Amino acid sequence: MSKNFTAKTSPKWILWSVITAVIVLIGVVIMAIFGVNNAVSTQPCQKLVVNVQMANTFYEEERGDIEDICEQAIADAGLKAIAVSYDDLSTSEHELVYSFDTDVELTALKDALQAELRAAYPDQDFATMSYKQNVLENLPGGYTAFLVRNILAGAVMAVLAFAYVSLRYKLWNGITAFVSAVATVAIACGLVVATRIVITSSVMYGVLFAELVSLALSVLFAAKAEAAEKKNGALTDAETVSEAVPVCDTIKLCGGIAVALLAVGIVGIFCAANFAWFALVAALGLLSAVYSSLLLAPSVFLALRKPFAKAAAEKARYDYKKGVKKAKKEEASEGAKEE
């Protein structure tokens, strides 16, 4: 069944290339009209940071009570946090970060909260501070630099994969892996932009995760194609290429990843929104990786393998003729010597 499917789809590299280009083009058009949806990630906000100087073991026991004190103080002040995050700076220093709208006055809340925490834990050190910033300004270099670094990271991974697969499994396999990785990232980004998902660090990590899955599937395909060529010769037609496409292995691997992402998404819904966004984008990227691996990659491989095989045949033919001429010349020379 899988062989018949691949045999029918592998010759249609133009169709899969057009579909990929259309998805990317839709994302580009939407981005050109509406821009990138970074409203939340770059929205100015006011943060209240509660610094806790407490041993890690004791902090884990008291963390729930500390959070209750903070939430109760915020409620008593008639305020509502728009986002909450927790950071462990070291084994003895921790932070609770509450984000509010920019027009909220936090001075009274800051002083009251610090007094309540010190009254509840007189032997521990607490400090509170407030400041205004964008949600992602705490990233080194800011939001734009963070996106650039992720793009460079994706490009480096694709180039390294191309080099490895080319050296390990021949050049055409390396090109196929590179094209598949780039297509996976392009489709995932196009879907993210088209669906207006907010661009945050979690989203970028989801896209890079999809690229890693695509590269793993490309290596799997290259290994199987190499084994098939050693057994049957050059894979230059749809029937022979279908034997090298690991359809069942791809479905099993991606099915397991999908279950794991579902679990991460469920945890994210109830505990941390970043996990949920990562799981959503990684799931879109997983679909992109499956598309690139099962439809685009075999068709690209077949389109590349034919000219490579033809060039190899021409070279072998040329070497054969050259060898025949040389043998005949040597025979003629020996015959002249005998005469």
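Structure shown above.
Not measured: the values here are computed from a predicted model.

**Q** Which residues make up the side chain of Arg-305, and what values do they have?
**A** With respect to the secondary-structure elements, Arg-305 resides in helix H10 (residues 273–338). Arg-305 sits in the buried class, given a relative accessible area of 7%.

**Q** Describe the pairing of strand E3 (residues 93–100), with residues and values.
**A** The buried fraction of E3 is high, at seven of eight residues. Note: strand E2 (residues 83–88) against E3, six bridges, orientation antiparallel. When the bridges of E3 are listed, Ser-85 appears paired with Val-97.

**Q** So what's going on with the packing of helix H7 (residues 201–232) against helix H9 (residues 247–270)? Which residues, and what values?
**A** Orientation of H7 relative to H9, taken along the N-to-C sense of each, is 160°, at an axis distance of 11 Å. Looking at the two axes, H7 sits roughly antiparallel to H9. When you trace H7 past H9, the crossing you get is right-handed. Along the contact surface, H7 presents Phe-209, Val-213, Leu-217 and Leu-220, while H9 presents Asp-249, Thr-250, Leu-253, Cys-254, Ile-257 and Leu-261. Among the residues forming the contact of H7 with H9, the class breakdown is eight nonpolar, one polar and one charged.

**Q** Lay out the packing of aromatic side chains in plain terms, naming residues and giving numbers.
**A** Applying the stated rule across the entire model yields five aromatic pairs. A ring pair is formed by Phe-162 and Phe-178, whose centres lie 6.2 Å apart and whose planes are at 70°; its orientation type is edge-to-face. With a gap of 16 residues between them, Phe-162 in helix H5 (residues 142–169) and Phe-178 in helix H6 (residues 171–194) connect regions that are remote in the sequence. Note on Trp-172 and Phe-308: the rings are 5.2 Å apart at their centroids and 55° apart in plane angle, and the pair reads as tilted. Highlighted residues: Trp-172 in helix H6 and Phe-308 in helix H10, separated in sequence by 136 residues. For Trp-172, a relative accessible area of 11% translates into the label buried. Residue classification places Phe-308 among the partly exposed positions, given a relative accessible area of 27%. If you follow Arg-305 out to its NZ or CZ, it ends over the ring of Trp-172, 3.8 Å from the centre.

**Q** Explain a nonpolar patch on the surface to me, using residue names and the numbers behind them.
**A** Taken together, the side chains of Trp-13, Ile-14, Val-18, Val-22 and Ile-26 present a nonpolar region at the surface, about 450 Å² in accessible area. Structurally, the position occupied by Trp-13 is in helix H2 (residues 13–34). Look at Trp-13 and you get partly exposed, because its relative accessible area is 40%.

Cut-offs and rules
Residues numbered from 1 in each chain as written. Predicted model: local features only at pLDDT ≥ 70, side-chain atom pairs only at ≥ 80, totals over all residues. Heavy atoms only, no water. Helix = DSSP H or I, 4+ residues; strand = E, 2+ residues; numbered from the N terminus. Buried < 20%, exposed > 50% of the residue type's maximum accessible area, 1.4 Å probe, protein only. Pairing = 2+ DSSP bridges. Axes fitted to C-alpha atoms, helices over the stretch in contact; angles between N-to-C directions. Parallel < 35°, antiparallel > 145°, perpendicular 65-115°, else oblique. Left-handed = near helix turned anticlockwise from the far one by under 90°. Contact = heavy atoms within 4.5 Å. Nonpolar A, V, L, I, M, F, W, Y, C, P; charged D, E, K, R; others polar. Phe/Tyr/Trp six-rings, centres within 6.5 Å; stacked < 30°, edge-to-face > 60°. Lys NZ or Arg CZ within 6 Å of the ring centre and 35° of its normal. Patch = residues over 30% accessible without salt bridge, like charges linked within 9 Å, V, L, I, M, F, W, Y side chains within 5 Å. Areas by Shrake-Rupley, 256 points an atom, 1.4 Å probe, with all protein chains shown as cover. Salt bridge = Lys/Arg side-chain N within 4 Å of Asp/Glu carboxyl O.

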